[in-house]
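Examining the three-dimensional arrangement
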Amino acid sequence: MKKFFYVFNIQYLGYRFHGWQKQPDVKTLHLMVDRTLNYILEGKPFKSLSSGRTDAMVSAECAAFELFLQEPIEDQEAFLELFNYNLPQDIRALSIREVDAKFNIINNSKIKEYLYLFTYGEKCHPFCAPIMTTILDDLDIELMKEGAKLFEGEHYVRSYCYKPTDNGIYTREILTCELVENTIYTANYFPEQSYILRVRGKGFMRNQIRLMMGTLIDLGKGKLTLEDIRVSLLPDSIVKMEYIAPASGLILNKIDFI
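Below or above, wherever it landed, is the structure these notes cover. What you are looking at is a predicted structure, and each value in this text was computed from that prediction instead of being measured. (Residues numbered from 1 in each chain as written. Predicted model: local features only at pLDDT ≥ 70, side-chain atom pairs only at ≥ 80, totals over all residues. Heavy atoms only, no water.)

**Some words on the pattern of salt bridges**
Opposite charge on two side chains lets them pair, provided their charged atoms get close. One pass over the structure, following the stated rule, counts eleven salt bridges. Notably, a salt bridge pairs Lys-221 with Asp-137, separated by 3.4 Å at the nearest N-O pair. Highlighted residues: Lys-221 in helix H4 (residues 208–221) and Asp-137 in the loop between strand E6 (133–135) and helix H3 (141–149), separated in sequence by 84 residues. Residue class for Lys-221 comes out partly exposed when judged on its relative accessible area of 30%. (Salt bridge = Lys/Arg side-chain N within 4 Å of Asp/Glu carboxyl O. Helix = DSSP H or I, 4+ residues; strand = E, 2+ residues; numbered from the N terminus. Buried < 20%, exposed > 50% of the residue type's maximum accessible area, 1.4 Å probe, protein only.)

**Points about the packing of H3 against H4**
Look at H3 against H4: their axes get within 9 Å of each other, and the N-to-C directions meet at 145°. Our pair here, H3 against H4, has a crossing hand that is right-handed. Touching Leu-143, Met-144, Gly-147 and Ala-148 of H3 are Met-213, Leu-216, Ile-217, Leu-219 and Gly-220, all from H4. Its residues assigned to classes, the contact of H3 with H4 shows seven nonpolar, two polar and no charged. (Axes fitted to C-alpha atoms, helices over the stretch in contact; angles between N-to-C directions. Left-handed = near helix turned anticlockwise from the far one by under 90°. Contact = heavy atoms within 4.5 Å. Nonpolar A, V, L, I, M, F, W, Y, C, P; charged D, E, K, R; others polar.)

**Remarks on a negative patch on the surface**
Residues Glu-74, Asp-75, Glu-77 and Glu-81 make up a contiguous surface patch of negative charge. Relative to the helices and strands, Asp-75 is located in the loop between strand E3 (59–69) and helix H2 (76–86). Among the residues examined, Asp-75 registers a relative accessible area of 46% and is labelled partly exposed. (Patch = residues over 30% accessible without salt bridge, like charges linked within 9 Å, V, L, I, M, F, W, Y side chains within 5 Å. Areas by Shrake-Rupley, 256 points an atom, 1.4 Å probe, with all protein chains shown as cover. Lys, Arg positive; Asp, Glu negative; His and termini not counted. Charge placed at Lys NZ, Arg CZ, Asp CG, Glu CD.)

**Notes on the packing of aromatic side chains**
Under the definition given, this model contains 15 aromatic pairs. With 5.1 Å between their ring centres and 85° between their planes, Phe-151 and Tyr-160 make a pair best called edge-to-face. Taken as a pair, Phe-151 and Tyr-160 share a single burial class, namely buried. Feature note: the residues Phe-8, Tyr-12, Trp-20, Phe-65, Phe-79 and Phe-83 constitute an aromatic cluster, connected by ring pairs. The cationic tip of Lys-47 hangs over the ring face of Phe-68; the distance from NZ or CZ to the ring centre is 5.8 Å. The side chain of Arg-97 reaches across the aromatic face of Phe-103, ending 5.6 Å from its centre. (Phe/Tyr/Trp six-rings, centres within 6.5 Å; stacked < 30°, edge-to-face > 60°. Lys NZ or Arg CZ within 6 Å of the ring centre and 35° of its normal.)

**Things to note about the pairing of strand E8 (residues 171–181)**
Strand direction decides the pairing type here: strand E7 (residues 153–156) and E8, joined by four bridges, are antiparallel. The residue bridging Tyr-156 from the neighbouring strand is Thr-171, located in E8. Note that E8 and strand E9 (residues 195–201) share seven bridges and pair antiparallel. In the sheet register, Glu-181 faces E9, and the bridge partner there is Tyr-195. (Pairing = 2+ DSSP bridges.)

Structural measurements only, silent on function.
Here it is, written out as structure tokens:
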């Protein structure tokens with residue numbers, strides 16, 4: 001039987017979801033996507049597969065999943081419109097494109113870009129909570145910028161993996177890691193100044209970016225030094241970084257298939 005393959009780009013606010021992956025008795029993004037697809041496909045067989053999983057409360061500007069069907073989508077634009085009409089308001093489908101059987105959304109080489117949005121020094125409006133982390137202590141932002149650059153390049157990053165195992169692959173390359181002022185997200189209830197940690201790479205381990213962000217926050221507070229970060233990235237380092245920054249500040253910004 002011939003099969004048909006489609007890639008969807010979607011965006012979502014992750015604040016009320018327990019991550020992407022389906023889990024018993026909790027509301028997840030994959031559950032809501034599949035529930036909507038099942039409704040608009042009127043019970044016809046299908047399978048959906050994500051390019052990767054996001055954790056609870058993590059949002060996405062542009063995530064991707066592949067849809068496997070036994071019948072073609074005749075009018076892709078109409079299907080996209082119907083999909084959006086039935087999705088909850090905190091999930092939106094951006095695009096649809098047909099691919100061939102050789103395409104594999106998990107194994108195809110890709111670069112992911114994540115943003116971590118944060119501010120410091122003041123209690124913010126509660127509406128900021130879904131996408132921005134607030135650190136009430138003072139932070140040395142210039143020192144944190146220096147620290148972020150230390151992550152760029154190929155390093156041994158076992159210290160930045162949640163519950164690492166003995167057989168994991170911990171030598172990874174980070175293409176970009178920079179801390180900049182936030183000029184992307186604005187709202188009249190946002191603080192006057194906020195910041196973004198921007199990270200690009202081919203693959204990230206569980207909680208890696210949140211552990212990197214937590215390390216930079218501790219650096220900004222004076223709890224760690226630049227040398228502590230350098231040592232944590234040395235081959236076979238056994239340093240354990242323990243502060244995992246809150247999930248709600250993390251945003252999957254885009255996925256580039258290469």
